[in-house]
Amino acid sequence: MNKEYLKEQLNVAKENYIWTLYFFTTRKKRGSGFLYEAQKVRFKKNDFINSFSSQVIDVVLSQQIEAIDNIQEYNGFNTKVSCDRISIENELISDSFKSFIDCLPRAGDAKLKARYKGYVLEGQPSLNQKGTSVMFFKLANPIVPLNTKRSVMFKRCEDDTLDGIEEEYYRLYLATDGILMGRYLYNFNHSFEKLFNIEQTLHKVKVNAIQKIIDADFISNSDDFANYAKSNNSRTFISLDDERIKRVMDPEYRKFISQTYGIPLTNNGLFNLTSHQESTALVKYLCYKAFQDAETNDVLEADNVTKMKLPLKTDKKLQ
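Calculation rules
Residues numbered from 1 in each chain as written. Predicted model: local features only at pLDDT ≥ 70, side-chain atom pairs only at ≥ 80, totals over all residues. Heavy atoms only, no water. Helix = DSSP H or I, 4+ residues; strand = E, 2+ residues; numbered from the N terminus. Contact = heavy atoms within 4.5 Å. Axes fitted to C-alpha atoms, helices over the stretch in contact; angles between N-to-C directions. Parallel < 35°, antiparallel > 145°, perpendicular 65-115°, else oblique. Left-handed = near helix turned anticlockwise from the far one by under 90°. Nonpolar A, V, L, I, M, F, W, Y, C, P; charged D, E, K, R; others polar. 1 Å grid on protein atoms, 1.4 Å probe; cavity = no way out; pocket = protein on both sides within 12 Å on 5 of 7 lines; lining within 4 Å. Points joined across faces, edges and corners; volume = space filled by probe spheres on them. Pairing = 2+ DSSP bridges. Core = buried A, V, L, I, M, F, W, Y, C linked by side-chain atoms within 4.5 Å. Buried < 20%, exposed > 50% of the residue type's maximum accessible area, 1.4 Å probe, protein only.

A. Region of interest: the environment of L162. Within the secondary structure, L162 is located in strand β9 (residues 162–164). For L162, the residues in contact, after removing those within four places along its chain, are F154, K155 and R156.

Structure follows, in C-alpha cells:
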C-alpha cells in the first residue's frame, strides 16, 4: 500500500475537525492483558488544541510520512523505511485495543493517580465535514520532571531572587508513534506492541502455529519439532501461511523442499527434523522468511518479507 491515502486523509483533517486530548495510564490486570484508564485534558485557551493538532499533522506529513517508502502489513519486523499497518481486528491487538478505546468515553477531568504512560490526540470531522476520524498515539509521559537526582530547577522572581518550582510542567510531542485511521493502526515504530501487550499474545500465536504445522501431518517426529520450534522468535510465526502448508502436504513438493533447504526425509517421505537448524529452516519457509531466488536458485532469508508471492524457478510445475 502506498502512503498517499494517509497524506490525503491528514490534509482533510487539518480543516474543521473537532480535537480532544486524553492522557492515559495502564496497569496489569489479573490473568493477562492490561486495564486502561484515561483523563480528558482541557486547555485554558480553547484554540490551543486546534493549533497543536495542526502542528502535529504538519510534522507527521513532512517528517514521518515523507520519510517512509511504503506501508506494509505488520509482520513483527520493521524495515525502518516503511510504516506498519495492522487491523484493529487482528488477534494480536483486538481485545486490548477494544479495552483501550472503551476507556476514552469514560474519561473524566480529574488527574489520574497512576503515572501517565502516554496520550492520544483524537480528531473527529465536524458536522457536515467529510473525512475519517483520526487518532494519534504517543507513548511518552507528558509530565516533564524538572527536579531530578542530577539537577534542580528554579524560577526568577520579581526581586531577582530564585524560588523553587513547585508546578508540574507538561510536554507534548509533534511527532507521533502511530495513527488510527478507519479500521487500521499505522505505526512508525513498535511502541504499540507495548501498549497492547503484544508480547504475550505473540506467544499464543507461536503455540497455535506450531500445532497447526504438526496437525498438517508432514513431520515424522512432531515432538522433536515442537521442542526445536519453541526457541524460534515468536514474531516469525505471524506470517505462517496456509498456502505454503498446503504445498508441503504434497509428497513431491516435500522432496523439492528437502533438497532446497537441507531438510531430511524419512523413507515414507515425511520430514525428519533432527536438529534445531533443520526445524528453523522449515519454519522460515512456511512463514515466508526464506525463499529460493528465481535466477540463482540461492536460498535467501528475508525477515521483512510478508506473504509475498515469490517466483521459484525450479518450482513452477508444483505451484
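B. The arrangement of the packing of helix α1 (residues 4–13) against helix α2 (residues 48–65) in detail. At a closest axis distance of 10 Å, the pairing of α1 and α2 adopts a crossing angle of 160°. The pairing of α1 with α2 is recorded here as roughly antiparallel in orientation. Note on packing geometry: the crossing formed by α1 with α2 is left-handed. Along its contact with α1, which presents L6, K7, L10, N11 and A13, the element α2 presents I57, V60, L61 and I65. Broken down by class, the residue content of the contact of α1 with α2 amounts to seven nonpolar, one polar and one charged.

C. Representation of empty space enclosed by the protein. Across all of its chains, the model carries three cavities of 30 Å³ or more by this definition. Counted as a void, the largest cavity has a volume near 60 Å³. As for the largest cavity, its lining consists of V56, Y119, L121, F136, F137, K138, Y173, L174, A175 and T176. For the lining of the largest cavity, the secondary-structure elements that each account for two or more residues are β5 (118–125) and β6 (134–138). The element contributing the most residues to the lining of the largest cavity is β6, with three residues. Residues belonging to the lining of the largest cavity are distributed by class as follows: eight nonpolar, one polar and one charged. Size it by volume and the second largest cavity reaches roughly 50 Å³. If you go around the second largest cavity, the residues you meet are F137, L139, D177, G178, L185, N187, N189, S191, F192 and L195. For the lining of the second largest cavity, the elements supplying multiple residues, two or more each, are β12 (184–187) and α4 (191–195).

D. Examining the sheet that holds strand β3 (residues 70–73) more closely. With respect to topology, eight strands assemble into an open sheet ordered β2-β1-β5-β6-β11-β12-β4-β3, the strand pairing being mixed. Each edge of the open sheet carries a strand with a single partner, namely β2 (34–41) and β3. Pairwise comparison of adjacent strand axes, ignoring direction, gives a mean angle of 25° for this sheet. By the bridge criterion, eight bridges tie strand β1 (residues 17–28) to β5 in an arrangement that is antiparallel. Pairing of Y17 across the sheet is with P125, part of β5. The sheet contacts of helix α3 (residues 94–103) involve β1, β2, β5, β6 and β11 (178–181), and relative to β2 the element is tilted by about 30°.

E. Local environment of the nonpolar core. With 54 residues, the main nonpolar core has F137, F196, F218 and F225 as its most contacted residues. When residues of this core are assigned to their parent elements, the largest contribution, seven residues, is made by helix α5 (residues 198–215). Once you skip the residues sitting within four places of it in the chain, F196 turns out to touch Y36, L92, I93, S96, F97, F100, F137 and L185. Ranked by size, the runner-up nonpolar core spans 28 residues in total, among them L6, A13, V41 and I71.

F. Spatial organisation of helix α9 (residues 276–286). Across the eleven residues of α9, nine count as buried, placing the element largely inside the fold. Within the span of α9, buried status applies to E278, S279, T280, A281, L282, V283, K284, Y285 and L286. Y288 sits one or two residues past α9 and shows a positive phi near 60°.

G. Representation of the pairing of β6 in the model. Summarising burial for β6: five of the five residues are buried, a large majority. With burial as the criterion, each face of β6 is covered, one bearing V134, F136 and K138 and the other bearing M135 and F137. Summarising the sheet, β5 and β6 pair through five bridges and their orientation is antiparallel. Of the residues in β6, the one forming a bridge with E122 is M135. Of the pairings in the sheet, the one linking β6 to β11 comprises four bridges and is antiparallel in character. When the bridges of β11 are listed, F136 appears paired with I179.

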